[in-house]
Amino acid sequence: MIFIDISRPPSDFLAKKRKGGKAGLWQSIALLLLALGIATIVGVAGVWVLQLFTPQVPVYVGLVFGLLALVLVLQYIAQRFEWIMPWYYLLPALIFLFTFTVFPVVLTIFLAFTDYAGIRNGELSVSTETAIVAVDGQQLTIDNARTLNCDALQGSRKGCNNVRAVVYASGRFATQGISLEDNILTVEPAPPAGRNVTAVELLLPDFGFRAQIPVTAVEGNRLTLGRSPPGEISLEDISLTLDRISIERRILSLEDNTLTINVPLPTDLEYVAIARYNDFGYIGAANFNTIIRQANRALWPVFRWNIIFAVSTIIINTIIGVFIAVLLNNPNLRFRNLYRTLLIVPWALPAIITIQVWRGFLNTNFGAINRVLALLDLPTLNWLGDPLYAKLAVLLVNLWLGLPFVMTATLGALSAIPKDIYEAVKIDGASAWQSFWGVTAPLLRTALIPITLTGFAFNFNNFNIIFLLTDGGPPVDWGTATARGTDILISWAYNESFRAQGGYAYGLGSAISILIFIITLGVSLVNFRVTGALKEESNT
Amino acid sequence: MMRLVPRFLGIISLLAVAAAAMAQSETTRFVTIPYGWLKFLIAFVLITGGIALAAYLYGRFTRPGKALQYAGTAATHMFIWLAILLTFYPVIYLLAVSLNRNNSITAALPTTGNVLFRSGVLPDPSKFSLIQYQTVLGETNLFWYQWVLIGVFILALVAMIALFVAQRGGFDPYRLERWRTYTGWVLFLSVGVLVLSITADQFYTINEAGERVRSSSERKIVLFIRNTLLVSGLTGIFAVLISTTAGYAFARMKFEGRYQTLLTFVFIQMFPGFMALVAIFFLMNALDLLNSYIGLILAYSGGAISFASWIFKGYLESISPSLEEAALVDGTTRWGAFWRIILPISIPMLLFIFLLQFIGTYSEFILANVLLTGEDKWTVGIALRSFTFNRFNTQWGLLAASAVLGSLPILAIFYSFQGALTGQHQAGGVKG
Amino acid sequence: MKKYLIILVTVLLTSGFALAQGITVWTHFGDADLEWLQNEATAFEAAFGVPVNIVRVDLGEIKQKMLLSAPEGEAADLIVPIPHDQIGEMAVGGVLADMTQFATSSYLADLSDQARLAFTFNNKLFGLPMYVEGPALIINTDLVPEVPQTFEDFIALAQANTTADTFGFLYDIGNFYFSYIWLRSNGGYVFDRDANGDLVPTALGVNNEGAVKGAELIKKFRYDYGLIPEGTDYGVADGLFIDGALGMIYNGPWAIANYRDAGLNIEVMPVPAAADGTEFSGFMGVQGVLMNEFSTNKVDAANFAKWLIRPDAQVSLAQLTGKIPSSNSAAAQVADDPVIAGFAAALANAEPMPNIPEMGNVWGPMGDSLTVILESPDSNVSEILDRAAAQILGN
C-alpha cells in the first residue's frame, strides 16, 4: 500500500480538525462513492476493451482494473482531503458489505414486489410455441391459444397483455446427399442462400439412428462438416438445420385464436410459429396481500412458534449450560478439562451430519430414543409425527447442539471472576450456596445477557435445525404445504422460494424475507435497549 | 439435607403412578424391561449414592472436614458422566452406522445377545464391516508424493502428541515451544500442499475394458474434503483480512459518521442472508463467478464482514491503547502502529475469527449448492446432503462413513485450537 | 506489492479460461445405473470423440437448478434421466428444448404409447423416453413362499408374517407416489381429462368418493390389519427388506439391484385383485432424457441422447436393474426376465403421472394429508382430502 499515506497521527483524524473542507459523513460518503464510481467505470471499460480482443475474458477480470483505478483515485483524494483517512480503513469492509450483502438485500426487496417465480422467470417459454396459421399485418391467427398459456402470467400481463413474444421463420431444410469426401458433403438441392446452416442430420445405419454433425462452412451446395461421422452414413433423406430466424415482438392482445402484435412482421419470410416470454414484473403489494390473506394458516402460527422456539431454546440451553459449567468450574474436580473436552463434541461435529442422525433416532417405531424409552418401560412418543412432540424434539436436539457453546462461554465468564473474591467471601463465613448466589450469579448475569441475546438472534433464524430435523413437519390442520407444524419464518420463506410445494415463488419468498428482516430488526432494537450495548457508542 | 429425602421419595412415587398410567396398553414391538425406569433410577441413585458414600467415608477417615465435599464431588462426577453418555450416544451411533454393511439406520434387530442389543438401544455388532469405508475411499488414487506428505503429516502429528506428553512430563516449556512451532509448521504445510495437490482426476476406477471410469460422487469424499478445506480456509483468511482494518477504525478512530456506519454494519447483517440467494446468484452470474471457488469465497466473506469487524472492534476496545500511543509518540505512522503493534498482539483474536469463519463455512450447504454446479467442486456439505435427498431413500451407511471422514478435519482443527476458540469468547465475541 | 498485483492479475486472467468441451450430463442415477451410464458415456466418447462429463444432481434439486441456472448457461446439456412428472414446470419455464425434431419416426413407432404421451406437453416432445418404472409388490420368497392370489389372501399372508421378529407388509405409506394405488383403484384420480384428452388442472379427483374410500383402506393397513406401524418410511421398509425381516414390500425397480446384492430371493407381481373384482394399479413413471434449451452444444447433446435410447442400451439397462424399456422392441427382448415381467404386469394398467406444471403442487399437500389421515384411527378422511384439494387449487 505504498500509494496511500495512512500514516498521519490520530489527531489529524479528529472531527474538529478539518483540512481541505468539511469532514462530514455525507462528504465522506460522496467522496468514496465518487472513487468507487470511477473505479467501476474503469473496470467495466477495461473488460469491454479486453473482450474486444479476446471474447472469453471473464467479467470478474474487471474487478482487477477497478481495484487499480480505485487505489489511484483514493491516493489523489487522500492528498486533497486528509480527513477521509479513517474511511480508508473501513473501505474494504464497506465494499464487501455493499456488494455481497446490501446489493442482494436491495434486489430481494425489489423482487418482493414482483411475481418472479420459477415459471415466470423472464425467459422465452419454448413450451408455449404454437403454429401460426395466417399472418395479416398486425393480426396473427394461431393454431391453439391454450398452448400459449396466457393465464399463467400475473398482474397486468395476464392474458398476454404487452408480453414479449418471438415469431419464428422456418428452420429446417430437407435435401438429398450426392457425395461425402473428406468431410465435404455435397447436397442437392442446395440450402437457401443467405440462411446459415448449423448442422446436418445423417442416418447412421450402423447405430440405427440419425446423428447430428455440425457444419462449419457452406459454399453453394458443398457443406464442410465439423467432424467425420462415426461410421457409414446413408445419403438419402438428409435434413439440414438452418439458423432459425426469430423476430421479437410484443403481444398487444389475444382473442380466441387471434393475436395482435405491436409491429407488423416483414413480408419476405414464411412464419411458422410463435412463442411467448415468461414475463414477470411489478405487481404491487400482491405478495404481501397473499401473506395477509393466509395469515391465520401461515404467518401467525409460524411466527408464534418461531418466538416460542427461540425463547425457550435459549432458556433451556442457558439453564442447563450454566449448571454444567458451574459444576465443571469446581477446581477440586479432577478430569475437568477432559470432561469439558468431551462435552464439546456436538459443537465440533458438522451439524448437517448430527441433526440427521437425530432424525433417525427420533423415528417412532424404529428410532433409538423410543427404544430406550420402551426398554425402560416408559411411554414412547410419536416424536416427529405429532406437532407437539416434534416441537419438543426440536428443542431437545437444539439443546444437544447448543449446550457446548453456552457451557464454554459460561466457563470463560467464570474464569474471569477473580479467585480472591471467593476467598474474601469465604472468610466472611459464607457457604458455597451463598457464595454462588452472592458472587457468581450477579457476575455471570452481566456476561450471560449478551450470550443469550446473540443466541436468540441466531436461533430466531436457525434454519438448519428445522430443515434437517423435521423439514417443517409434521403437517397440521391449520397449515399449508409450505408452513407446517414446526416451520419457522425462514424455513417457510425457503419453502416458498426454493421448493416445489411453493412453486418456486421467489417473489413471495422475498416478501417473507422482508418481514423476517423487519421482525429481527425490531427484536434487536429491543435487545440493544435492554442491554445498552450501543448506548456508549451513541455518545461519540 | 435429611428433610429432602422424604420429598424425593414422594416425587418418585408420583412419577411411578404417572408412568404406569401413561404406559401403553397395546402390545408394541419394543423390547421392554418391566419397570425398567424404576430399576434404572434405583440403580443410578444407589451407584451414585454408594460412590458418594464411599467418598464420604473415605473423607471421614482421611480429612474429616472435607468429607461432604468429597461426596459432592463424587456425585458431580457421576452426573457429568451421564451427560457425556447422552452427548456421545448419537456419535457412537453414527460410528456404528458407518460400520453397518447394510446401508440402513433402521435395520432388523438381532434376536440373541444382550438385551441392549436385542432392543436396538445399542447397535448390533454382528453386522459390523468396513465395507462402507472401502466404498467411500476405495477409488482415491494418490500419487507417491501425496503418500509421502501423508507420512510426513502422521509423523508430525505423532511428534506433536509426544511434545504434548513431554510438556506434561515436566520438560522445559521454552525449548519445547520452539519444537512445537516447527512441528506445527510441518503439519500445516503438509496439509496445505496435500490440499492443493489433490485433483478431481485422481478419482477413478479401471473397468474391464481397461478404460478409466470416473468415480461417482459417493466415492469422492476425499476430494470434497479437500475442496471444503480450500474454501473454508480461504474464506477464513479473507474474513480476517477485510475485517481487521474496519474493526481498528471503529475502535480507535474518531470521525463523523462512525456511529451511523457501525449501526449499518450491525443491522444489515440481520437480513436472513441466504434468502438473498437468488440475488447473489445473479450477482455472481454477472461477474462470471458461478461454479467457481472465488465466487463462493467472496459470497461467504461478504456475509462474515460485519460480525467479524464487530468482534475485532470489541477486542481492541478491551485492550489498552497505551502501547500504540507510545509508538505514535515515537513517530510511528498510524498504519505502522496498526501493522506492527496491533496485528501482532491480536493474533489470538485473528485466529479466533478465522476459526469461527472456518467452522461456520465448513458444513454450509445452501449457498454452496446454488453457486457450485459441477460435481468436482462440491463441498462436504453438498455431498452429505446428496446422500439424504436422494429420490426415496437415504444411503445411511455411505452417509455415515463420509460424515465420519468429513468430520475428522474439523474435529482436529477444533481440538487443536480449543484454547483459541474458548478463550476468545470472553475477549470480544460477546460484547454486544 | 506491485509484483503481487501482477501475479494476481495473471492468475485471475488464466483461471477462467478453461474452455468448455464435450457435453455435461446431470443425473440422479447411483450405483448400478450410474455405472451403466458411465459405460455408455465411455463408449460414446470412443465412437464420437465427444467427452461426456457426468454430474450427480439430486432428483429433488434438478428442477430448481434448471430453472435458476439454465438461462445463465450454468446447467447441463442433458438430464439423464428424469421422471416425466417433473417436466411441466421446466417446460413452461422455458429451460427445456423441444425434442420433437430429434425423435425419428422409427423411434416413435417403436415407443410405447404411454411413454410417448408421458413426455408430450403442449403437443411437443420434451424428452426421449428411456424406460418405464413404477412400484409393484416385491415378495421375499424365503419368508413368503406362497404368493398371494387375491387381495384378501395378501392381507392374510401379510398378517401371518407380522410376528415379533418380522413384518408382513410395509411400504412408504405416507408417500402419495406409492399410496396413490389405493386411491386410484377405488375411483380416485389426480386430474381429469377433457374431451381432447388433455389434463385439466382444476378438475381434481383427489377428494372424490373413490379417493376417500382408498384413503380409508390406507388407514386400515395401520389400524385394522395392524400391518404398517407409525414411523414406517421408505428407509425403514427398504432396510428391513434388505435385512430379510420383511415379507412383502411395495417398491419400484430402482431397489432391485440392492435386493439382489443382499442375496434375497424375490418375486415381483402386481397387487392381486380383490374378491369383489377391484384391480389395483397406481402411478407409473416414464424416465427420459431431457435437453437444456440453453445448451451451447445441442448437436452433441442430441447425439448422446439418441445414443442412450438405442434399444441395445435400453436392454442392457433393463437387465441390470429391472427397468422396463420404453421401446417395444427392447422390451420384447427382456420380456423373459421374471423381474421385468413382474413389473410389466404390475404396470400394465398403471396411469402415467400427470406432467402438467400443476402436478408440482400436488405432492406436498397429498403427502401431508396422508400423514394426517394416518395419525389417528378416527381422522376425518374426506375433510382432510378436501383441504388438500383446496391447497392444490391454491385457495
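Caption draft 1: View of the overall build of chain B. Looking only at helices and strands, one finds 18 helices and two strands in chain B. Put simply, chain B has 432 residues, and 42% of those count as buried.

Caption draft 2: Examining the overall build of chain C more closely. Counting its secondary structure elements, chain C contains 17 helices and 15 strands. Its C-alpha radius of gyration of 23 Å places chain C within 12% of the 21 Å reference for a compact globule of 395 residues. With the principal axes as the frame, chain C shows a C-alpha extent of 75 × 55 × 50 Å. Expressed as a percentage of the 395 residues in chain C, the buried residues total 59%. Within chain C, contacts between residues at least 6 apart in sequence are counted, and of these 74% link residues at least 24 apart.

Caption draft 3: Main features of the confidence of the model for chain C. All names here are of chain C. Averaged over all residues, the pLDDT of chain C equals 88, while 95% of them reach at least 70. The weakest mean pLDDT in chain C belongs to helix H1 (residues 2-15) at 47; the strongest belongs to strand S7 (residues 136-140) at 96. In this model, residues 8-20 is a region of pLDDT below 50 whose contacts with residues beyond four sequence positions or in other chains number ten contacts. In the model output, the complex is listed with pTM 0.86 alongside ipTM 0.85.

Caption draft 4: Local environment of the interface of chain B and chain A. Counting residues at the interface gives 100 residues for chain B, matched by 91 residues for chain A. Of the residues forming the side of chain B that touches chain A, the biggest block, twelve residues, is contributed by helix H3 (residues 67-98) of chain B. Its residues assigned to classes, the side of chain B that touches chain A shows 58 nonpolar, 34 polar and eight charged.

Caption draft 5: Structural context of the interface of chain B and chain C. Counting from both sides, the interface comprises 30 residues of chain B and, opposite them, 29 residues of chain C. Residue assignment for the side of chain B that touches chain C shows that the elements contributing at least two residues are strand S2 (212-214) and helix H10 (277-286) of chain B. A breakdown of the residues in the side of chain B that touches chain C according to their chemical character gives eight nonpolar, 15 polar and seven charged.

Caption draft 6: Region of interest: the sheet that holds strand S11 (residues 258-261) of chain A. One closed barrel accounts for six strands, arranged S1-S2-S11-S10-S3-S12 (chain A); its pairing is antiparallel. Direction aside, the axes of adjacent strands within the sheet are offset by 45 degrees on average.

Caption draft 7: Local environment of the domain arrangement of chain C. Residues and elements named next belong to chain C. Domain boundaries assigned for chain C yield domain 1 (22-133 + 285-352) and domain 2 (136-282 + 355-392). Distance between the C-alpha centres of domain 1 and domain 2: 27 Å. In this complex, domain 1 contributes 22 residues to the contact, which on the side of domain 2 involves 19 residues. Mapped onto the side of domain 1 that touches domain 2, the elements with two or more residues apiece are helix H2 (31-48), helix H4 (87-92) and helix H15 (338-347). Here the side of domain 1 that touches domain 2 takes five residues from H15, the largest share from any one element. Of the residues contributing to the side of domain 1 that touches domain 2, the split by class is ten nonpolar, six polar and six charged.

Caption draft 8: Fine view of the pairing of strand S11 (residues 246-251) of chain C. Residue and element names in this part refer to chain C. Most of S11 sits inside the fold, with six of its six residues counted as buried. The pairing of S7 with S11 spans four bridges and is antiparallel. When the sheet's bridge partners are listed, Ala136 is paired in S11 with Asn251. The pairing of strand S8 (residues 167-170) with S11 spans three bridges and is parallel. Bridge pairing links Phe169 to Met248 in S11.

Caption draft 9: Region of the structure containing the pairing of strand S3 (residues 163-169) of chain A. All names here are of chain A. In this structure, S3 lies alongside strand S10 (residues 246-255), joined through six bridges in antiparallel fashion. Across the sheet, Val166 pairs through a bridge with Glu248, a residue of S10. Here five bridges tie S3 to strand S12 (residues 271-276), and the two strands are oriented antiparallel to one another. Counterpart to Ala165 in the pairing with S12 is Arg276.

Caption draft 10: A look at the domain arrangement of chain B. Residue and element names in this part refer to chain B. When its domains are assigned, chain B resolves into domain 1 (32-98), domain 2 (99-129), domain 3 (143-197) and domain 4 (217-429). In this structure, domain 1 and domain 2 have C-alpha centres spaced 27 Å apart. Facing the six residues of domain 1 at the interface are five residues of domain 2.

Caption draft 11: Summary view of the sheet that holds S11 of chain C. Residues and elements named next belong to chain C. The sheet built from four strands is open, its strands ordered S8-S11-S7-S12 with mixed pairing. Bordering the open sheet on either side are S8 and strand S12 (266-269), each of which pairs with just one other strand. Geometrically, the sheet is characterised by an average inter-axis angle of 15 degrees between neighbouring strands, direction not taken into account. With four bridges connecting them, S7 and S12 associate as antiparallel partners. Pairing of Ile138 across the sheet is with Val268, part of S12.

Caption draft 12: The arrangement of the packing of helix H8 (residues 221-252) of chain B against helix H17 (residues 396-416) of chain B in detail. Residue and element names in this part refer to chain B. Two elements in contact, H8 and H17, have axes whose closest approach is 10 Å; the angle formed by their N-to-C orientations is 30 degrees. It follows from the interaxial angle that H8 and H17 lie roughly parallel. Of the two possible hands of crossing, H8 and H17 adopt the one that is right-handed. In this structure, H8 uses Ile221, Ile225 and Leu229 to contact H17, whose residues at the interface are Ser402, Leu405, Gly406 and Pro409. A class-by-class count of the residues in the contact of H8 with H17 yields five nonpolar, two polar and no charged.

Parameters at a glance
Residues numbered from 1 in each chain as written. Chains lettered and ligands numbered in written order. Predicted model: local features only at pLDDT ≥ 70, side-chain atom pairs only at ≥ 80, totals over all residues. Helix = DSSP H or I, 4+ residues; strand = E, 2+ residues; numbered from the N terminus. Buried ≥ 20, exposed ≤ 12 C-beta atoms within 10 Å, placed from the backbone. Rg over C-alpha atoms; globule rule 2.2 N^0.38 Å. Contact = placed C-beta atoms within 7 Å. pLDDT = per-residue confidence, 0-100. Nonpolar A, V, L, I, M, F, W, Y, C, P; charged D, E, K, R; others polar. Pairing = 2+ DSSP bridges. Axes fitted to C-alpha atoms, helices over the stretch in contact; angles between N-to-C directions. Domains from an automatic or database assignment. Parallel < 35°, antiparallel > 145°, perpendicular 65-115°, else oblique. Left-handed = near helix turned anticlockwise from the far one by under 90°.

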